[in-house]
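Chains, contacts and geometry: an overview
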2 protein chains.
Amino acid sequence: MTELKVIDLEQKALALLQADADKIFKLIDVQMENLTMPQCPLYEEVLDTQMFGLSREVEYAVRLGLIEEEIGREIMGSLERKLADLHEMFNNK
Amino acid sequence: MTELKVIDLEQKALALLQADADKIFKLIDVQMENLTMPQCPLYEEVLDTQMFGLSREVEYAVRLGLIEEEIGREIMGSLERKLADLHEMFNNK
């Protein structure tokens, strides 16, 4: 019963991070779909801020021992690759 | 034994937040001690960024149920009051 609670915490820790990462994925998707619109410099600022915020959550979860460092790196890495795709799309526009 | 583990997590969640808040307190102290030096605009940027990062950690801990919302508000509130003191010192310089 109590052991389940720790497992629940680990699952919730990961689920929350994935939900926050998904929000950033959606922000990037919106920006990709609007590539024909004038580029808004504030958008990049918003993405950077959100990425920083998520990275602090990930680090915190790792320090708490609720998620593996490797999983944290994967979450941030997948977002960084998506952001790189967005930048490439802009450069090829 | 396992129940202790959840309690340990709660204690660690709070200890990590307090350690991070202390780092920001020290940043503010350094800035207060150097009031006679030319004001560095980047310093305010650094403090804002660190405050934002900590607020995300606090929110995350609250969402995980590891700390009470009220405790989180107190941690952020004490830092905001300290920052307000710093601004007042600058204005009265």
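The name given to chain A in an unreviewed UniProt entry is UPF0358 protein EDM52_08150, and the organism recorded there is Brevibacillus invocatus. The heading Sequence similarities (unreviewed entry) in the UniProt record of chain A holds the text "Belongs to the UPF0358 family."

1. Focus on the overall build of chain A
Regarding its fold elements, chain A presents three helices and zero strands. Among the 93 residues that make up chain A, the fraction classed as buried is 38%. For chain A, long-range pairs separated by at least 24 residues make up 73% of all intrachain contacts whose partners lie at least 6 apart in sequence. Accessible surface, chain A: about 5700 Å² in total, of which carbon and sulfur atoms supply 55%.

2. Section: the packing of aromatic side chains
Going through the model one piece at a time under the given rule, you end up with two aromatic pairs over all chains. Centre to centre, the rings of Tyr60 of chain A and Tyr60 of chain B are 6.3 Å apart; their planes meet at 80 degrees, and the pair counts as edge-to-face. In this pair, Tyr60 of chain A is assigned in helix 2 (residues 41–63) and Tyr60 of chain B in helix 2 (residues 41–63), connecting two distinct chains. When sorted by exposure, Tyr60 of chain A lands in the same class as Tyr60 of chain B, which is buried.

3. A short note on the nonpolar core
Counting residues in hydrophobic clusters, the biggest one holds 50 residues, and the most contacted among them are Leu54 of chain A together with Leu54 of chain B. Listed by contribution, the elements that provide at least two residues to this core are helix 1 (2–33), helix 2 and helix 3 (69–91) of chain A together with helix 1 (2–33), helix 2 and helix 3 (69–91) of chain B. In contact with Leu54 of chain A, not counting residues within four places along its chain, are Leu17, Asp20, Ala21, Ile24, Ile75, Met76 and Leu79 of chain A together with Arg56 of chain B.

4. Focus on the relation of the copies chain B and chain A
The transformation that overlays chain B on chain A combines an axial shift of 0.0 Å with a rotation of 180 degrees, and the residual RMSD is 0.0 Å. Both chain copies can therefore be described as sitting about a two-fold axis. Most of the interface of chain B is mirrored in chain A, where 100% of its interface residues again form contacts.

5. A short note on the side chain of Asp20 of chain A
Mapped onto the secondary structure, Asp20 of chain A falls in helix 1. Here Asp20 of chain A falls in the buried class, since its relative accessible area comes to 6%. Discounting chain neighbours no more than four positions away, the residues touching Asp20 of chain A are Leu54 and Glu57 of chain A together with Arg56 and Arg63 of chain B.

Conventions adopted
- Each chain carries its own residue numbering, running from 1 in the direction its sequence is written.
- Key to labels: chains lettered from A, ligands numbered from 1, both in the order written.
- Reporting in this predicted model follows two pLDDT cut-offs: at least 70 for local features of residues, and 80 or more for side-chain atom pairs to be given and counted; totals over whole chains, interfaces and linings ignore these cut-offs and use all residues.
- The basis for every side-chain value is the complete set of non-hydrogen atoms in the structure, without hydrogens or water.
- UniProt positions are given in the numbering used here, feature names are shortened, and annotations may be inferred rather than shown by experiment.
- Counting from the N terminus, the helices are the DSSP runs of H or I reaching at least four residues and the strands are the DSSP runs of E reaching at least two.
- Here the term buried applies to any residue with accessible area under 20% of the maximum for its type, exposed to any over 50%, and partly exposed to those in between, with areas from a 1.4 Å probe on protein chains only.
- Should any heavy atoms of two residues lie within 4.5 Å, those residues are counted as being in contact.
- Exposure was quantified through the Shrake-Rupley algorithm and a 1.4 Å probe, taking into account, for residues, occlusion by the shown protein chains and nothing else.
- Two rings belonging to Phe, Tyr or Trp (six-membered ring only in the last case) form a pair when the distance between their centres is within 6.5 Å. Interplanar angles under 30 degrees mark stacking, angles over 60 mark edge-to-face geometry, and anything in between is tilted.
- Take the buried residues of types Ala, Val, Leu, Ile, Met, Phe, Trp, Tyr and Cys, join any two whose side-chain atoms come within 4.5 Å, and each joined set is a nonpolar core.
- Here the copies were fitted onto each other by least squares, based on C-alpha atoms from residues at pLDDT of at least 70 in both.

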